[in-house]
Amino acid sequence: MTNIQHFKSSYSKIVLATTVIGMILMHGVFMYSMRGMTRSELWSTHFFLFAFLFFLSTSFVLYIFAIQIKKITLTDEHLIIQKRFCKIAIPRNEITKVERKENLKSDIPLCGIAYFFGHYGIFHHSQLGNYRIHVKDNQEMLAIHTPQRIYVVSCDNSEKLLRLLEQAA
């Protein structure tokens, strides 16, 4: 029988606050671009610029919402990072090391976003090197090492997940 455990990923207070502020600002961009489209002559250059701004800002919010981490599932064979619309399955036998990651203070986002729905993308750290990040709570981060790459994830009760992964190693 397969043993399955789920670890939900919740927002930290700071990420939740910055997401709410970001969404208020994005709402302003949506309203500004819609107002600009309604006041511009149809098919004019201004109309297309406002339409492009609306499309760009809407796409940005939907993309960031879609890639955010939802939960981590641990089975006998895989550790699965489940996002809103896709998942990353890491075979447990490929996990070489699991450790706590304390903070993101010295980390540099190379391709990604920080604090808006969480931290996502490719970041760089002086000791870890480049890594993929899927974090909603900076206090619950784990670095999962595989031969191909490093993943930094967060979940509720990350200490339990760390113990379970260390026991299997």
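For the structure, check the block above.
Residues numbered from 1 in each chain as written. Predicted model: local features only at pLDDT ≥ 70, side-chain atom pairs only at ≥ 80, totals over all residues. Heavy atoms only, no water.

## With respect to the environment of serine 158
Its place among the elements puts serine 158 in helix α3 (residues 158-168). When the C-alpha positions of serine 158 and aspartate 137 are compared, they lie 10 Å apart, and in sequence the two are 21 residues distant. (Helix = DSSP H or I, 4+ residues; strand = E, 2+ residues; numbered from the N terminus.)

## A word on helix α2 (residues 45-67)
Between its first and last C-alpha atoms α2 spans 33 Å; for 23 residues at 1.5 Å apiece the expected length is 33 Å, and the two agree. Looking only at α2, the buried set comprises Phe47, Phe50, Ser57, Val61, Ile64, Ala66 and Ile67. For α2, the elements touching its buried residues are α1 (13-39), β2 (69-74), β3 (78-83), β6 (108-113) and β7 (119-125). (Expected span 1.5 Å × (residues − 1). Buried < 20%, exposed > 50% of the residue type's maximum accessible area, 1.4 Å probe, protein only. Contact = heavy atoms within 4.5 Å.)

## Topic: the state of the cysteines
A covalent bond between the sulfur atoms of two cysteines is referred to as a disulfide. This model, assessed by the stated rule, comprises zero disulfides. In this structure cysteine 86 is not part of a disulfide, and its nearest cysteine sulfur, from cysteine 111, lies 15 Å away. We classify cysteine 86 as partly exposed; its relative accessible area is 40%. Unpaired in this structure, cysteine 155 has its nearest cysteine sulfur neighbour in cysteine 86, at a distance of 18 Å. Given a relative accessible area of 3%, cysteine 155 falls into the buried group. (Disulfide = S-S within 2.5 Å.)

## Concerning the sheet that holds strand β4 (residues 87-91)
Reading across the sheet, the four strands line up as β1-β2-β3-β4 and stay open at both edges, with antiparallel pairing between neighbours. Two strands lie at the open edges of the sheet, namely β1 (5-8) and β4, each paired on one side alone. On average, adjacent strands in this sheet sit at an angle of 15° to one another, irrespective of strand direction. Sheet analysis places β1 next to β2, joined by four bridges and oriented antiparallel. Each bridged residue has a counterpart across the sheet, and for glutamine 5 the counterpart in β2 is leucine 74. (Pairing = 2+ DSSP bridges. Axes fitted to C-alpha atoms, helices over the stretch in contact; angles between N-to-C directions.)

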